[in-house]
Amino acid sequence: MEKTFHITTFGCQMNEHDSEIMAGMLLEKGFVPVKERKDAAVAIINTCSVRENADKRFFGTLGQLKRRKMENPDFLVCVCGCMMQQQHVIDTIKAKYPWVDIIFGTHNIHRFPELIDNALSEKKKQTEIWPDGGEIVEGLPSKRLHQSKALVNIMFGCNNFCTYCIVPYTRGRERSRKPQEILSEVRTLVDDGVREIMLLGQNVNSYRGEGGIDFADLLYLLNDVDGLERIRFMTSHPKDLSDRLIQAFVDCEKLCRNIHLPVQSGSTEILKKMNRRYTKEAYLNLVEKLRKAVPSITMSTDIIVGFPGETEEDFSETLDLVRKVRYDSAFTFLYSVRKGTPAEKYEDQIPEAVKHERFNRLVDLVNSISMEKNAKYVGTVQKVLVEGPAKTGSSIFSGRTDGFKLVNFRGNADMVGTMADIRITGSNTFSLEGEVL
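Everything numeric in this text was worked out from a predicted model, so none of it was measured.

Visitor: How would you summarise the overall build of the protein if you had to cite specific residues and measurements?
Guide: Within the protein, the regular secondary structure consists of 13 helices and 19 strands. A burial count over the protein gives 54% of its 437 residues as buried. Considering only contacts within the protein whose residues lie at least 6 apart along the sequence, 74% involve residues at least 24 apart. The protein carries 60 positive and 60 negative side-chain charges, and their two centres are separated by 3 Å.

Structure (structure tokens):
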């Protein structure tokens with residue numbers, strides 16, 4: 001067969017990194033990536049189950065492949081990721097999309113090359129889902145999306161069981177990598193030109209490595225890695241944000257002064273129904289501690305609108321919290337029922353029209369604050385890690401500040417992977433504009 005492949009990725013950075021690993025394994029087998037799915041001999045769809053919209057996009061994308069599969073039986077279709085850890089999804093695929101060749105989940109990505117070999121040699125469909133993760137497999141190859149920055153998993157799974165969330169059922173229980181394995185991977189990445197790492201976990205604050213090393217300890221260890229310039233992490237749970245972790249922002253010069261701290265709701269009553277295990281007041285206290293320790297820290301969050309039972313008063317509490325925190329940005333979501341979660345059975349579901357009306361009010365508030373905060377950067381000079389050409393044009397390049405602000409500026413290909421001093425000349429809701437000094 002022609003050895004070309006294309007990966008479509010839905011979801012979070014964890015899924016993005018899973019796709020990088022799959023690409024790395026395929027490259028080792030002699031496969032070549034192509035930009036367009038229509039040109040690939042092997043099409044892989046890596047799925048996300050967190051939001052209903054991702055489900056719909058997956059099935060829509062999968063349906064587009066049917067005609068090509070009927071015209072060319074040798075065309076290999078693979079589906080994987082979080083959705084595949086749910087039996088009802090697998091049942092739907094087998095019933096409505098029986099031409100799919102390979103189905104596997106989140107725990108056995110390292111088995112992907114063997115599944116492809118089996119599908120080709122046996123001319124038989126392969127379905128392999130592991131109910132849990134077992135031992136962490138180290139040393140898997142990865143084809144990074146960026147030359148100067150990398151995603152690094154430090155743990156897998158989640159023990160929190162928020163009532164709206166499917167992740168503990170698709171990613172399994174928490175499992176932490178050994179500190180030395182993480183340090184070894186980061187040193188190798190730095191030797192390969194990486195200057196910034198993003199530490200990944202469903203809740204990095206829960207990291208527990210060998211020898212009692214916690215997440216704050218790990219940050220201090222990584223801060224000493226020669227050649228590494230920036231450390232970020234995603235995502236953190238407020239209930240596990242310790243004073244020592246806050247102190248790490250002060251002590252570790254390589255730790256970016258930026259935090260994503262999902263709040264989900266500003267109502268203590270709704271937070272209790274969500275099983276978030278903190279109150280509005282406790283969350284605001286954390287924000288105060290962070291800003292006292294690092295006044296320049298930038299903050300982003302996740303907010304769910306229309307959780308079952310949310311009253312107008314509850315929603316007003318969310319708006320109040322947003323006004324008090326003044327996030328630099330926020331990922332806002334309409335609550336969607338996830339099959340298999342406790343909230344699926346809650347009877348006090350919110351009408352769609354009410355959810356959309358509240359959602360629009362929240363987005364307007366978040367965007368107005370973001371625009372105000374971005375405007376204050378005009379005239380300042382920011383150090384930006386240049387990532388590559390922006391989507392707006394070939395001569396426009398983009399990169400991120402320490403505070404994760406996206407900056408667009410005129411540049412050239414030689415700048416990619418370098419740190420550049422950029423004078424900010426303009427601001428928008430979601431980005432900044434600048435010029436190279």
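Visitor: Describe the environment of tyrosine 207, naming the residues involved and giving the relevant values.
Guide: When you line up the elements, tyrosine 207 lands in the loop between strand 10 (196–200) and helix 8 (215–223). Under the relative-accessibility criterion, tyrosine 207 is labelled buried at 0%. Considered as a pair, tyrosine 207 and threonine 170 are 37 residues apart in the sequence and their alpha carbons are 19 Å apart. Other than its neighbours up to four places away in sequence, tyrosine 207 contacts Ile154, Met155, Ser176, Arg177, Lys178, Pro179, Ile182, Ile213, Asp214, Phe215 and Leu218. Engagement of the side chain of tyrosine 207 in a polar contact is seen with the backbone oxygen of arginine 177, the distance being 2.7 Å.

Visitor: Explain the sheet that holds strand 5 (residues 102–104) residue by residue, including any values.
Guide: One open sheet accounts for six strands, arranged 2-1-3-4-5-6; its pairing is parallel. In the strand order of this sheet, the two ends are held by strand 2 (32–33) and strand 6 (126–128), each with one partner. In this sheet, strand 5 lies alongside strand 4 (residues 76–81) in parallel orientation, the contact comprising two bridges. Paired with cysteine 78 across the bridge in strand 5 is isoleucine 102. In the packing of helix 1 (residues 13–28) onto the sheet, the strands contacted are strand 1 (4–9), strand 2, strand 3 (42–47), strand 4 and strand 5, and the crossing angle to strand 1 comes to about 175°.

Calculation rules
- Residues numbered from 1 in each chain as written.
- Predicted model: local features only at pLDDT ≥ 70, side-chain atom pairs only at ≥ 80, totals over all residues.
- Heavy atoms only, no water.
- Helix = DSSP H or I, 4+ residues; strand = E, 2+ residues; numbered from the N terminus.
- Buried < 20%, exposed > 50% of the residue type's maximum accessible area, 1.4 Å probe, protein only.
- Contact = heavy atoms within 4.5 Å.
- Lys, Arg positive; Asp, Glu negative; His and termini not counted.
- Charge placed at Lys NZ, Arg CZ, Asp CG, Glu CD.
- Polar contact = N/O pair within 3.5 Å; in protein donor to acceptor, adjacent residues only side chain to side chain.
- Pairing = 2+ DSSP bridges.
- Axes fitted to C-alpha atoms, helices over the stretch in contact; angles between N-to-C directions.

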